[in-house]
Amino acid sequence: MIRPTFPYPIVETKLDNGLPVVAIPLDTPGLIAHYVAVRTGSRNEIEPGLTGFAHFFEHMMFRGTPRFSPERYNDVLKRLGADGNAFTTDDWTCYHVTAASEALETIMDLEADRFMHLRYDVEAFQKEAGAVLGEYNKNYSIPFNALFEKLADTAYTTHTYKHTTMGFLRDIETMPQQYDYSLKFFDRWYRPDNAVLVVAGDCDPERVFELARRHYGPWRAGAASLRTPAEPPQDAERTAHLPWAAPTLPLLAMAFHAPAFDPGAVEVRALDVLAQACFAPTSPLYRELVLERQWVDWLAAGAEDHRDPTLFLVLARVKEAAHISGVRAAIERTLASAADAALPEERLAAVRSRLRYGFLSGLMTPDQVANTVCHFFQLSGTTGAIDRSFATLDDVAAADLVRAAGTTFRAENRTVVTLIHS
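Counting from 1, residues in each chain are numbered in the order their sequence is written. Per-residue local features of the predicted model are confined to residues with pLDDT of at least 70, and side-chain atom pairs are confined, for both listing and counting, to 80 or more; whole-chain, interface and lining totals are unaffected and use all residues. Side-chain calculation: all heavy atoms of the structure are included, whereas hydrogens and water are not.

**Student:** How should the overall build of the protein chain be read in this particular structure?
**Tutor:** Helical segments are the DSSP runs of H or I of at least four residues, strand segments are the runs of E of at least two, and each set is numbered from the N terminus. Scanning the protein chain from terminus to terminus reveals 15 helices and eleven strands. Relative to the compact-globule value of 22 Å for 422 residues, the protein chain shows a C-alpha radius of gyration of 23 Å, a close match. Seen through its C-alpha atoms, the protein chain measures out along the principal axes to roughly 60 × 55 × 35 Å. In this scheme, a residue with accessible area under 20% of its type's maximum is buried, one over 50% is exposed, and one in between is partly exposed, where area comes from a 1.4 Å probe on protein chains only. Counting only residues that meet the buried cut, the protein chain has 53% of its 422 residues in that class. By the convention used here, residues are in contact when the closest approach between their heavy atoms is within 4.5 Å. In the protein chain, 82% of the contacts between residues at least 6 apart in sequence involve partners at least 24 apart. In these tables, accessible area is a Shrake-Rupley quantity obtained with a 1.4 Å probe, and a residue counts as shielded only by the protein chains included in the view. Here the protein chain has roughly 18100 Å² of accessible surface; of this, 51% comes from carbon and sulfur atoms. Looking at charge distribution, the protein chain has the averaged site of its 41 positive side-chain charges lying 1 Å from that of its 54 negative ones. Radius of gyration: over C-alpha atoms. The globule rule applied is 2.2 Å multiplied by the number of residues raised to the 0.38 power. Asp and Glu are treated as the negative residues and Lys and Arg as the positive ones, with His and the ends of the chain left uncounted. To locate a charge, the coordinates of NZ of Lys, CZ of Arg, CG of Asp or CD of Glu are taken.

**Student:** Can you walk me through the pairing of strand β1 (residues 11-14) in this structure?
**Tutor:** On a regular strand, each side chain points to the face opposite its neighbour's, so the side chains alternate between the two faces of the sheet. Note that β1 and strand β2 (residues 20-25) share four bridges and pair antiparallel. Residue pairing across strands places Lys 14 opposite Pro 20, the latter belonging to β2. Only when DSSP finds a minimum of two bridges between them are two strands counted as paired.

**Student:** So what exactly am I meant to see when it comes to helix α5 (residues 143-155) here?
**Tutor:** A turn of α-helix holds 3.6 residues, and therefore any two residues three or four places apart point the same way. Here the expected length of a helix is defined as 1.5 Å per residue gap, with one fewer gap than residues. An ideal rise of 1.5 Å per residue puts 18 Å on 13 residues; α5 measures up with 18 Å between its terminal C-alpha atoms. Taken residue by residue, α5 has Pro 143, Ala 146, Leu 147, Leu 151, Ala 152, Thr 154 and Ala 155 as its buried positions. In this fold, the buried residues of α5 make contact with β7 (238-244), β8 (251-258), β10 (310-318) and β11 (414-421).

**Student:** How should the side chain of Glu 288 be read in this particular structure?
**Tutor:** Assignment of secondary structure puts Glu 288 in helix α10 (residues 284-292). Overall, the relative accessible area of 19% leaves Glu 288 in the buried class. Pairs of N or O atoms are called polar contacts if they sit within 3.5 Å, as long as, within protein, a hydrogen donor faces a hydrogen acceptor (for residues adjacent in sequence, only side-chain-to-side-chain pairs). Polar side-chain contacts of Glu 288 include one of 3.2 Å to the side chain of Arg 333.

**Student:** Could you clarify how one ought to interpret the packing of aromatic side chains in this entry?
**Tutor:** Working definition: an aromatic ring pair is given by the centre-to-centre distance plus the angle between the planes. Stacked, edge-to-face and tilted labels apply to pairs of Phe, Tyr and Trp rings (six-membered ring for Trp) whose centres lie within 6.5 Å, assigned for plane angles under 30 degrees, over 60, and everything in between, in that order. Scanning the model with the defined rule gives 31 aromatic pairs in all. Measuring from centroid to centroid gives 6.2 Å for Phe 53 and Phe 185, while their planes differ by 40 degrees, and the two rings are tilted. Of this pair, Phe 53 sits in helix α1 (residues 53-60) while Phe 185 is found in helix α7 (residues 179-189), placing the two residues 132 residues apart along the sequence. A centroid spacing of 5.7 Å and a plane angle of 85 degrees characterise the contact between Phe 56 and Phe 57, whose relative ring orientation is edge-to-face. Like Phe 56, the residue Phe 57 is buried in the burial classification. Look at NZ for Lys and CZ for Arg. If either is within 6 Å of the ring centre and within 35 degrees of the ring normal, a charge sits over the ring. In this arrangement the basic side chain of Arg 114 is found over the ring face of Phe 62, its NZ or CZ atom lying 4.6 Å from the centre.

**Student:** When you look at the sheet that holds β8 in this model, what are you seeing that I'm missing?
**Tutor:** Backbone-to-backbone hydrogen bonds pair the strands of a sheet. The strands run either parallel or antiparallel. Pairing is mixed across the open sheet formed by five strands, whose spatial order is β7-β11-β8-β10-β9. The open sheet has two edge strands, β7 and β9 (296-302), and neither has a second partner. Neighbour-to-neighbour, the strand axes of this sheet turn through a mean angle of 15 degrees, independent of strand direction. Taken together, the eight bridges between β8 and β10 define a ladder with antiparallel strand orientation. Looking at β10, one finds that Leu 251 is bridged to Arg 317. Axis definition: a line fitted to C-alpha atoms, limited for helices to the stretch in contact. Angles are taken between N-to-C directions and run from 0 to 180 degrees.

**Student:** Would you take a moment to explain helix α14 (residues 385-395) for this structure?
**Tutor:** Those residues of α14 that sit buried are Ala 385, Ile 386, Ser 389, Phe 390, Ala 391, Thr 392 and Leu 393. On its buried side, α14 packs onto α9 (266-279), α12 (345-360) and α13 (366-380).

**Student:** Before we go on, may I ask you to explain the environment of Ala 224 in this structure?
**Tutor:** If you trace the backbone, Ala 224 turns up in the loop between α8 (205-216) and β7. Separated by 128 residues in the primary sequence, Ala 224 and His 96 place their C-alpha atoms 24 Å from one another. Excluding residues that lie within four positions of it along the chain, Ala 224 makes contacts with Arg 188 and Trp 189.

**Student:** Teacher, can you tell me more about the sheet that holds strand β4 (residues 83-88) here?
**Tutor:** Reading across from one edge, β1-β2-β6-β3-β5-β4 is the order of the six strands in this open sheet, with mixed pairing throughout. Every other strand in the sheet has two partners, leaving β1 and β4 as the edge strands with one partner each. Each strand axis lies, on average, 15 degrees off the axis of its neighbour in the sheet, ignoring direction. In this sheet, strand β5 (residues 93-100) lies alongside strand β3 (residues 31-38) in antiparallel orientation, the contact comprising eight bridges. Paired with Tyr 35 across the strands is His 96, a residue of β5.

**Student:** Can you help me understand the packing of α13 against α14 in this one?
**Tutor:** Where α13 meets α14, the closest approach of the two axes is 9 Å, and the angle between their N-to-C directions is 85 degrees. When the axis of α13 is compared with that of α14, the two are roughly perpendicular. Contacts between α13 and α14 involve Val 373, Phe 376 and Ser 380 on the former and, on the latter, Ala 385, Ile 386, Ser 389 and Phe 390. Only Asp, Glu, Lys and Arg are considered charged in this grouping, and only Ala, Val, Leu, Ile, Met, Phe, Trp, Tyr, Cys and Pro are considered nonpolar; every other residue, Gly among them, is considered polar. Across the contact of α13 with α14, the residue classes break down as five nonpolar, two polar and no charged. To sort the angles, those under 35 degrees are grouped as roughly parallel, those over 145 as roughly antiparallel, those from 65 to 115 as roughly perpendicular, and the leftovers as oblique.

Shown next as structure tokens:
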């Protein structure tokens, strides 16, 4: 039997149209979070020349319906004292509202309406496409974002993770001519059998299910199937450099292809342990580079959960360009050591504990709880992935770390990108 990690009761059902509905009662008097996760992100953008549409719909979903214009939608939220927003990732798009629990039916009516009856004309579409271009230009004036874009484009040759959530600039620039395609994209992916509704907070599950049937029940099923292009194995190191015109500290990114999220895969959780053991503030490398030599002022590593094979990324912000080669050598030495020598049992236990309690400390509010459940559901299609993933973490042994490091941190599997002011 799996040892439970998730600390709250999860009550769930599925509507006749295939929409999973998850209710999580919490002791948060008068407060609920209403989350709808659409299991579509930039990963779904498989057609050449048409990247960026998953993020684009994060914008378009606020363009209104015949019942609720954008102004009326915002007015309803304002009068309820509710807070709503949305975000897009590589794998999913999330629409969330935090409100008083007594407003749940109004929120459900409002949100279900836009998933079923979104309307926009060519003029509104082109205006929003211009706003997306503006967002791209703003985001990529930030060195970290430009570095991540270059890294993805260099590390991947085939898979849709090659482009960031924003999409390729060349595709965003032609987006205003793609009105018809936008309708097709929405019709393919904004379906109840490609989404999940999560309500967390001061709620009664039966009431949540009753309201969900009433408001989301008419949403028509029929999500398209998706086959993402497989990324071939990398057989040689790749490098890229990004000169940066404005003054900024140098950045060094080192990435390795790594497995997709799988709650039962020891290798996946072993890489989580290695990220903490080798690069967290308690690690020898952090002490060397940040505290003693003071070559680096920011160091982090890890493999974000993804539905398809992803990247284990090591990122360092270096204080002087002259130290980049030394920082890179230290990182490579640390990764090679992880593949050669087993982590002491005491250190392994401490890291496992840190990962478990770090996760639990991020579940304090209805927003955090709903977001976390959506995250695991979009990855796996089940809420049970949470406990299973942490049960797998308990099983990670020192030998698993050596094996995962040896498999992943190979020179031919490595991509290195630098960004330096010049």
